[in-house]
Amino acid sequence: MRISSRVLIPAVLTFVCSHAYAAHVSTVLVPVPPFAPTNTQPLWSTLLSFSIEQDRWPDWAGIDSRNEFTYNALQRLGSLTGSPPKLRVGADSEDHTVWSPTMTINEDLFPPTNVVTPYPEATYITVGDEYYTLVRWLPAGTHMVWGVNLGFNNVTNAVNMVKAICRAFSLPSVQNSGVVLDRIEVGNEADLYGNNGLRTQSNWTVENYVPDWESIAGPVVNAAGITSNDGPVTLQGAAFASQAFTPREVFALGILESDPGKTISTISQHQYSAAFCNGGDFGLISFMNKTTVRGNLTIFEADIAATYEQGLTYVLGETNSIACHGAPGVSNTAGAALWAIDYTLFASTLAIRELYFHEGVGYKYNYFQPVTLNYSTINDTPLSPPAPPHIQPPYYGALVVNTLIGNSHHASIVELDVNDDNVSGYAAYENGLIARAVFINMHAWVADSTGTRPTVHLDFDFADFGRTSTMLGSLVPTVRRLVIRYADDTQNLTWAGQSYEESPDVSPTGRLVVEPVNLWEGVDLRATEAILIDF
């Protein structure tokens, strides 16, 4: 740490959080503003949220009683921030769902499984009113976005779906549960309709999309009684898969001046780093890349700015590592946990309010699997014994993110300038003062790595230290570590010394390990590791 020679800090700690890896240690000086800079962004308590594939929604929620594993996994994350993650239920099966007055809950038609897609989306989903009432099994305080079918181009069906959703949320059992409907999304990834058969136009363009969407969304908002974009229920707009259609284009085409467009409060876009739809060989080492994370998010900066200029909120309404349920050896690994931390926190510095990480039963990139699986998520082979509900490595990334956010509901974030190709850093502020910081080292240390595991030593330079000597001198900073043996591991991670994999209710096992750190000495960060400093 660089400090003024005029300042003396009491040596209140005897244990120094620094390890001897001298042969493979590089040192980086990190400027850490003790006071919140002017470019901080809010850290929303629901920054890390989830998108759920609509077809198997009852598996996630529970039918006659709540799915205890889902409930506990969400509640565990919510306990760190004071708010459970938001849920968006929709995605591909959103545009293959039909409401029926004779259906009680749901009936799904699935295509055959295969090695690439062991758990495919349903191609046709019939739902009844009780399907939507299952939201009552979620943690109290959960806010939701529900998808309505635009793909079938059927006004009656879209209206029936939204009426069923509204009926469900008006029931005493749902209202007493504390689960809240925030938004309706009309259509999923409509920019792909020209390729997936949901529209027959040979040249499906954004100019076609806007009046098409208005023709369905108009009756939907009328049926739901949605009249403005300031709630309590509004529309979520766009939900595009790529940059083929953009929010800027639909704004220019006047979508916000239409009756349904006037009820849009939030703009959503989707993003993945790559796609595994037809299989392929994806490298974990190249995936764990600081530069790539930034490039995959900064492409949205113009749309983010345009959205806020319209007075709307911007989210990534569906995202994850690699599209089409994830890639084996990448999306289901410990490396993906580190990626998720950097990806989520960097997104927050761009004013992306929430990221909805997509989940589906048996998907490789899941943060957790909510039900028992009988077939491998990797190659569709039978599992003996079946795999019970369990968390996957990215869940640890969510624990780190939500610990950084904290539960004050007033934290803000800034990215720190870490001059290292693999290491990222972020600082969280409360009441204008630094409260916590996270550092992620995405240098991939894999099972077949050789030699000594590299370490980066972080020295801290607190700017204008003279003004903050009293504050920093009175602190007793501590470190928690996300410890990973290898980046390609799929289990046996620990967060602050504890495992979340060994209990049926996602409770931590093992002794909590919180290390004191001497700010004079800095801290070591191994390859494939993350740390959180509490100041």
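A quick note: this is a predicted structure, and the numbers were derived from the prediction, not measured.

> Any chance you could break down the overall build of the chain for me, citing the residues and the numbers?
The helix and strand inventory of the chain stands at 14 helices and 28 strands. Over its C-alpha trace the chain gives a radius of gyration of 24 Å, about what one expects of a compact globule, namely 24 Å for 535 residues. Expressed along its principal axes, the backbone C-alpha trace of the chain runs to roughly 75 × 55 × 45 Å. By the burial criterion, 59% of the 535 residues in the chain qualify as buried. Pairs at least 24 apart in sequence give 80% of the contacts found in the chain among residues at least 6 apart. Counting only carbon and sulfur atoms, one obtains 50% of the accessible surface of the chain, whose full area is about 20,000 Å². Both charge centroids of the chain, one from 26 positive and one from 52 negative side chains, sit 7 Å from each other.

> Give me the lowdown on the sheet that holds strand β1 (residues 25–31), citing residues and values where you can.
What the three strands build is an open sheet, ordered β1-β23-β27; its pairing is mixed. The sheet is open, and its two edges are formed by β1 and β27 (523–526), each paired on a single side. Across the sheet, the axes of successive neighbouring strands diverge by a mean angle of 30°, strand direction being ignored. As paired elements, strand β23 (residues 455–461) and β27 share four bridges and run antiparallel to each other. Counted as the bridge partner of Thr455 is Arg526 from β27.

> Can you explain the environment of Phe110? Please cite residues and give values.
With respect to the helices and strands, Phe110 occurs in the loop between β6 (106–109) and β7 (124–127). Phe110 sits in the partly exposed class, given a relative accessible area of 35%. In this structure the C-alpha to C-alpha distance between Phe110 and Leu198, which are 88 residues apart in sequence, comes to 18 Å. With sequence-adjacent residues up to four places away left out, Phe110 is seen in contact with Asp55, Arg56, Pro120, Glu121 and Ala122.

> Describe the sheet that holds β6, naming the residues involved and giving the relevant values.
Taken in spatial order, the three strands line up as β5-β7-β6 in an open sheet, and their pairing is mixed. Each edge of the sheet is formed by a strand with only one pairing partner; in this case those strands are β5 (97–99) and β6. Going across the sheet, the axis of each strand differs from the next one's by a mean of 15°, ignoring polarity. Summarising the sheet, β6 and β7 pair through four bridges and their orientation is antiparallel. Its bridge partner lying in β7, Asp108 is registered against Ile125.

> Break down the packing of helix α12 (residues 334–349) against helix α13 (residues 394–405) for me, citing the residues and quoting the values.
The interhelical angle for the contact between α12 and α13, taken along N-to-C directions, is 35°, at an axis separation of 7 Å. Regarding α12 and α13, the two cross each other, and that crossing is right-handed. Across the interface between the two elements, Ala336, Ala337, Ile341, Thr344 and Leu345 of α12 pack against Pro394, Gly397, Val400, Val401 and Leu404 of α13. A class-by-class count of the residues in the contact of α12 with α13 yields eight nonpolar, two polar and no charged.

> Summarise the environment of Val371; cite the residues concerned and give the values.
By secondary structure assignment, the location of Val371 is in the loop between β16 (368–369) and β17 (373–375). When the C-alpha positions of Val371 and Thr70 are compared, they lie 8.6 Å apart, and in sequence the two are 301 residues distant. Residues in contact with Val371, not counting those within four places in the same chain, are Arg56, Asp59, Asn67, Val361, Ala387, Pro388 and Pro389.

> Describe the nonpolar core, listing the residues and the values that go with them.
Ranked by size, the top nonpolar core spans 128 residues in total, and within it Trp57, Trp146, Ile184 and Tyr209 carry the most contacts. Ranked by residues supplied to this core, first place goes to α12 with 10 residues. Ignoring anything within four residues of it in the chain, the contact list for Tyr209 reads Leu150, Ala190, Trp204, Ala238, Phe240, Phe245, Val250 and Ile255. Judged by nonpolar contacts, the second largest core, of 25 residues, contains Val423, Tyr429, Leu475 and Val479.

> Any chance you could break down the packing of aromatic side chains for me, citing the residues and the numbers?
Counting across every chain of the model gives 26 aromatic pairs. Pairing Trp57 with Trp146 gives two aromatic rings, centres 5.5 Å apart and planes at 85°, and the pair type is edge-to-face. Highlighted residues: Trp57 in helix α1 (residues 57–61) and Trp146 in strand β8 (residues 143–148), separated in sequence by 89 residues. Residue class for Trp146 comes out buried when judged on its relative accessible area of 0%. An angle of 80° between the planes, with centres 6.1 Å apart, marks the rings of Tyr363 and Tyr365 as edge-to-face. By relative accessible area, Tyr365 is classed as buried at 1%. Among the aromatic side chains, those forming a connected cluster through ring pairs are Phe50, Trp60, Phe69, Phe287, Trp339, Tyr343, Phe357, Tyr367, Phe368 and Tyr395. Here the basic side chain of Arg294 rests over the ring of Phe346, its NZ or CZ set 4.6 Å away from the ring centre. Geometry around Trp44 places Arg353 over its ring, the cationic atom sitting 3.5 Å from the centre.

> Tell me about the pattern of salt bridges, and please be specific about residues and values.
One pass over the structure, following the stated rule, counts 17 salt bridges. Between Arg66 and Glu68 there is a salt bridge, and its shortest N-O distance comes to 3.1 Å. Of the residues examined, Arg66 reaches a relative accessible area of 31% and is grouped as partly exposed. Judged by its relative accessible area of 41%, Glu68 is partly exposed.

> Describe empty space enclosed by the protein, and please don't skip the residues or the numbers.
For the coordinates displayed, the defined rule picks out two cavities of 30 Å³ or more. Looking at the second largest cavity, its volume works out to about 50 Å³. For the lining of the second largest cavity, the secondary structure elements donating two or more residues are β3 (48–53) and α2 (68–81). Taken together, the residues that form the lining of the second largest cavity break down as seven nonpolar, one polar and one charged.

Definitions and cut-offs
- Residues numbered from 1 in each chain as written.
- Predicted model: local features only at pLDDT ≥ 70, side-chain atom pairs only at ≥ 80, totals over all residues.
- Heavy atoms only, no water.
- Helix = DSSP H or I, 4+ residues; strand = E, 2+ residues; numbered from the N terminus.
- Rg over C-alpha atoms; globule rule 2.2 N^0.38 Å.
- Buried < 20%, exposed > 50% of the residue type's maximum accessible area, 1.4 Å probe, protein only.
- Contact = heavy atoms within 4.5 Å.
- Areas by Shrake-Rupley, 256 points an atom, 1.4 Å probe, with all protein chains shown as cover.
- Lys, Arg positive; Asp, Glu negative; His and termini not counted.
- Charge placed at Lys NZ, Arg CZ, Asp CG, Glu CD.
- Pairing = 2+ DSSP bridges.
- Axes fitted to C-alpha atoms, helices over the stretch in contact; angles between N-to-C directions.
- Left-handed = near helix turned anticlockwise from the far one by under 90°.
- Nonpolar A, V, L, I, M, F, W, Y, C, P; charged D, E, K, R; others polar.
- Core = buried A, V, L, I, M, F, W, Y, C linked by side-chain atoms within 4.5 Å.
- Phe/Tyr/Trp six-rings, centres within 6.5 Å; stacked < 30°, edge-to-face > 60°.
- Lys NZ or Arg CZ within 6 Å of the ring centre and 35° of its normal.
- Salt bridge = Lys/Arg side-chain N within 4 Å of Asp/Glu carboxyl O.
- 1 Å grid on protein atoms, 1.4 Å probe; cavity = no way out; pocket = protein on both sides within 12 Å on 5 of 7 lines; lining within 4 Å.
- Points joined across faces, edges and corners; volume = space filled by probe spheres on them.

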